[in-house]
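Each chain, written out:
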Amino acid sequence: MKNSKYIIFKGLFVAGLLFNSCMDLEEDTTKTTLTLDAYYQDEGQAQGGLNGVYSSLRDYFRNHYFLMGTEGTLAIYGNRLQNYNYNSTNQYFINNWRTGYRVIYNANLFLNKVEPIEMDTDLKNSMIAEARFLRGLIYFNLTQFFGGVPIVTEVDEEYEISLKPNGERDNKVAHIEKVYEQIIADLEFAEIHSRPSYYSGEENALSDIEISKATVGAAKSLLAKVYLTMAGWPLNKGASHYQKAKDYAQQVIDSGHYTLLDDYSQLFTPANENNQEVIFNIEYKSLIDQGADWGGWQNAKVLDEGYGRFKLHPSFYSLEENSDALVPTNPHFDATDPRRAYVSVDWDPKKGEAYFNREQPDLNKIETWKFRHVAPPLSYNVTDINCVVLRYADVLMIYAEAENELNGPTQEALDKLNLVRARARKGMPAVTIPGNTPYNPADLTQCPLVIPEAKSISPSNEPADLSSGLTQEELRETIMYDRVKELMMEGWDKHDLIRMGPEAFMKYVKFPKATKTVKAKDRPKIPLFNADCEQTGEKSIKTTIIKANTVNASNKAASAHNMWYPIPQIALDANKNLEQNPGY
């Protein structure tokens, strides 16, 4: 960008506008205008520039991020990326690429401009550490989504935000390793120079906005996740990187700063944001025009909670075909696991019927309901739900996975995983959900018609603690399923499958089974009443079961090349150095 061009600054929101939409504005003498060189003069202006990097981060962690990281995986399906028939013109890929490189550009700009400013050295290094953490985080996501992406660490005058990242790129492992080298360099600087960790409610805690910024704990946690990823596919660094992942996770654990929240249901509520389990999250505030679509997209349509974009795969509610009794077998998400009752609802939008955790569901109608709203949001695209990027449960499972890969199913590995399982068993006393009775305002299935009584989610014996006796492979698979149950829809679902390699990716992506409808005579029945509350008969509730030895039709098109998404076509058109990923 040329210095002769100008950026319009608007009060305290200047930083949030940097390079978002005012990239090419010519001088306007009717407004206050400043060149960038004139703006970056002191500590306050440096902080404003850093806030601009955080502001652009909010645009990255939106629907395209959680769709690309979640849909079409083992647990979740939808109607946008599920069928694996997408191409390089897909708008979600374009938005992810564009907003990702916007964060990188803003971080590079800040790093370039802050260096000459005379200010306290420790404070300057802390601010630089935050910008480098954010740049490393975005590169980590981009390289997992797209493979070997362009590495841009300098502000170039010819660099445009319109998808023209400079630098050569190919799909060879050597280039992907270079991306990770840059990620590690950024995070290691952040580890040394970032501010201490805080959480809401802690003595001398900062404001929510300040708490949501990068910290030492965030840098160490992300380094643990990065090294765990590098140990697997495609770099396959193995034992040395599993050891580093374990060591960084141990440092976070030993810090004593973080702990698991007692009630899983309170992790993501606006009233309890920045709690002691949250290590790093993206702050959203709808009332100051900084809302997002977290919860609005992932939540079921029932009870005015969301769009209902996601459903749980039927395999997570599997019922045995030809079984003597229609009883959930479900080895992967036990029917009595309180998290299952919390994150899902059996919902038929055509009939207006909602069932919560019933034993004989319609497996094709299980919608997700994880990011609860205390009150209806301004809109499903403008909510106050924060995007939790890193939390302590993830760190515990990183430790368990790394330890198992290094030494097998040791007690250390089991202990860390059992902490997460024990929290799930506690139930969720602070949340209420309707009971299992259908709520159907269109039918007189109850007399008088009542909304089901709200109930808390009771403690359970599941998931039970793991004990010795598992093989390394058995614990590996258990950890993978535990990560799905604990972290689903938080953006890591696909990344977790990718690092396991093409064979495992195909196994689990094609794990979801096809379903078939149970005959009417074998379905559960509910009574029907007339207007005088006289029972006139009964009707069956649609129920589906899993067909043996099948693959869900929406997953059949999946191929190993789908581990990476296609490079957006407009990026290929704008930068001839880019090459499309194989298979597209």
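Residues numbered from 1 in each chain as written. Predicted model: local features only at pLDDT ≥ 70, side-chain atom pairs only at ≥ 80, totals over all residues. Heavy atoms only, no water.

1. A closer look at the overall build of the protein
Heads up, the condition is: Secondary structure is summarised from DSSP: a helix means a run of H or I of at least four residues, a strand means a run of E of at least two, and numbering begins at the N terminus for each. Each residue is placed in one exposure class: buried if its accessible area under a 1.4 Å probe, protein chains only, is under 20% of its type's maximum, exposed if it is over 50%, and partly exposed if it falls in between. Residue contacts are defined here by distance: any two heavy atoms, one from each residue, within 4.5 Å place the two residues in contact. Only the protein chains shown count as cover for residues, and all accessible areas are computed by the Shrake-Rupley method using a 1.4 Å probe.
Scanning the protein for helices and strands turns up 17 helices and 15 strands. Looking at the protein residue by residue over its 584 residues, the buried ones come to 58%. Restricting the contact set of the protein to residue pairs at least 6 apart, pairs at least 24 apart contribute 74%. Working note: accessible area of the protein is about 22,900 Å², and carbon and sulfur atoms make up 48% of it.

2. Here's the deal with the packing of helix 9 (residues 216-231) against helix 12 (residues 392-407)
What counts is decided by this rule: Axes, fitted as lines to C-alpha atoms, cover a helix only where it is in contact. Angles between the N-to-C directions of the axes lie from 0 to 180 degrees. Handedness of each helix crossing follows the sense of rotation of the near helix against the far helix: counterclockwise by less than a right angle gives left-handed, clockwise gives right-handed. In this classification, Asp, Glu, Lys and Arg are treated as charged, Ala, Val, Leu, Ile, Met, Phe, Trp, Tyr, Cys and Pro as nonpolar, and every other residue, Gly included, as polar.
Packing of helix 9 against helix 12 brings their axes to within 10 Å, and their N-to-C directions diverge by 35°. When the axes of helix 9 and helix 12 are compared, the crossing they make is left-handed. From helix 9, Ser221, Ala224, Lys225 and Leu228 reach across to helix 12, where they touch Asp394, Val395, Ile398, Glu401 and Ala402. Classifying every residue of the contact of helix 9 with helix 12 gives five nonpolar, one polar and three charged.

3. Remarks on the nonpolar core
Filter applied, for reference: Residue types Ala, Val, Leu, Ile, Met, Phe, Trp, Tyr and Cys, when buried and joined through side-chain atoms within 4.5 Å, form a set referred to as a nonpolar core.
With 140 residues, the main nonpolar core has Phe61, Phe110, Phe133, Phe146 and Phe280 as its most contacted residues. In terms of residue count, helix 6 (residues 121-146) provides more of this core than any other element does, 13 residues in total.

4. Re unusual backbone geometry
Trp233 connects to Pro234 through a cis peptide bond whose omega is 5°. Tracing the backbone shows Pro234 in the loop between helix 9 and helix 10 (239-254). The backbone phi angle of Asn274 is positive, close to 60°, even though this residue is not glycine. With respect to the helices and strands, Asn274 occurs in the loop between helix 10 and strand 4 (278-282). Residue class for Asn274 comes out buried when judged on its relative accessible area of 2%. Residues other than glycine seldom take positive phi values, yet Met489 does so here, at roughly 70°. Here Met489 is to be found in the loop between helix 14 (472-487) and helix 15 (493-498).

5. Concerning the pattern of salt bridges
Here is the rule: Salt bridges are defined by distance alone: a side-chain nitrogen of Lys or Arg within 4 Å of a carboxyl oxygen of Asp or Glu.
Counted by the stated rule, this structure contains 26 salt bridges. Across the pair Glu477 and Lys507 runs a salt bridge whose closest N-O atoms are separated by 3.2 Å. Taken together, the residues span a long stretch of sequence, with Glu477 in helix 14 and Lys507 in helix 16 (residues 502-509) at a distance of 30 residues. Linked by salt bridges that have partners in common, Glu277, Asp337, Arg339, Lys370, Arg391, Arg423, Glu486 and Glu490 make up one network.

6. Quick notes on the confidence of the model for the protein
Test applied: The predictor attaches a confidence to each residue, called pLDDT, with possible values from 0 through 100.
Mean pLDDT over the protein: 80, with 74% of residues reaching 70 or higher. Confidence drops under pLDDT 50 across residues 435-444; counting only partners more than four residues distant or on other chains, this segment forms 37 contacts.

7. So, the environment of Glu486
Note the following rule: By the criterion applied in these results, polar contacts are pairs of N or O atoms within 3.5 Å in which, for protein atoms, one can donate a hydrogen and the other can accept it, and in which residues neighboring in sequence qualify only through two side-chain atoms.
As for its placement among the helices and strands, Glu486 is situated in helix 14. Residue class for Glu486 comes out buried when judged on its relative accessible area of 0%. Separated by 147 residues in the primary sequence, Glu486 and Arg339 have C-alpha atoms spaced 7.8 Å apart. Residues in contact with Glu486, not counting those within four places in the same chain, are Tyr264, Glu277, Arg339, Lys370, Arg391, Ala393, Met397, Val420 and Arg423. A polar contact is formed between the side chain of Glu486 and the side chain of Arg423, at a distance of 2.8 Å.

8. What to know about helix 9
Our working definition: To estimate the expected span of a helix, subtract one from its residue number and multiply by 1.5 Å.
Between its first and last C-alpha atoms helix 9 spans 23 Å; for 16 residues at 1.5 Å apiece the expected length is 22 Å, and the two agree. With 15 of 16 residues buried, helix 9 lies mostly within the body of the structure.

9. Some remarks on the side chain of Asn63
Along the chain, Asn63 falls in helix 4 (residues 63-70). On the basis of relative accessibility, which here comes to 14%, the residue Asn63 falls in the buried class. The contact partners of Asn63, leaving out residues within four places of it in the chain, are Tyr92, Asp293 and Trp297.

10. A look at the packing of aromatic side chains
The following threshold applies: For this analysis, a ring pair means two rings from Phe, Tyr or Trp (six-membered ring only for Trp) whose centres lie within 6.5 Å, classed as stacked if their planes differ by under 30 degrees, edge-to-face if by over 60, and tilted for the remaining angles. In this analysis the charged atom, NZ for Lys or CZ for Arg, is taken to sit over a ring once it is within 6 Å of the ring centre and within 35 degrees of the ring normal.
Under the defined criterion, the tally for this structure stands at 24 aromatic pairs. Ring centres 6.2 Å apart and planes at 90° place the aromatic pair Phe66 and Phe310 in the edge-to-face group. Placement of Phe66 in helix 4 and of Phe310 in the loop between strand 4 and strand 5 (311-312) is noted, with a sequence separation of 244 residues between them. Overall, Phe66 belongs to the buried group, its relative accessible area being 0%. Measuring from centroid to centroid gives 6.4 Å for Phe145 and Phe146, while their planes differ by 70°, and the two rings are edge-to-face. Each member of the pair Phe145 and Phe146 is classed as buried. Just above the ring of Trp492 sits the side chain of Lys225; from NZ or CZ to the centre is 4.0 Å. Seen from the ring of Tyr565, Lys494 lies directly overhead, with NZ or CZ sitting 3.5 Å from the centre.

11. Some words on the pairing of strand 4
Applicable threshold: Should DSSP find at least two bridges between two strands, the strands are regarded as paired.
For strand 4, the buried fraction is high: five of the five residues fall into the buried class. Note: strand 4 against strand 9 (residues 387-391), four bridges, orientation antiparallel. Residue pairing across strands places Asn281 opposite Val388, the latter belonging to strand 9.

12. Topic: the packing of helix 3 (residues 43-60) against helix 6
Note the threshold: Here is the rule for angles: anything less than 35 degrees is roughly parallel, anything more than 145 is roughly antiparallel, 65 through 115 is roughly perpendicular, and the remaining ranges are oblique.
Where helix 3 meets helix 6, the axes come as close as 11 Å, and the angle between the chain directions of the two elements is 20°. When the axis of helix 3 is compared with that of helix 6, the two are roughly parallel. For the pair helix 3 and helix 6, the crossing hand works out as left-handed. Seen from helix 3, the contacting residues are Glu43, Ala46, Gln47, Leu50, Val53, Tyr54, Leu57 and Tyr60; seen from helix 6, they are Leu123, Met127, Glu130, Ala131, Leu134, Ile138, Asn141, Leu142 and Phe145. Of the residues belonging to the contact of helix 3 with helix 6, the class tally is 13 nonpolar, two polar and two charged.

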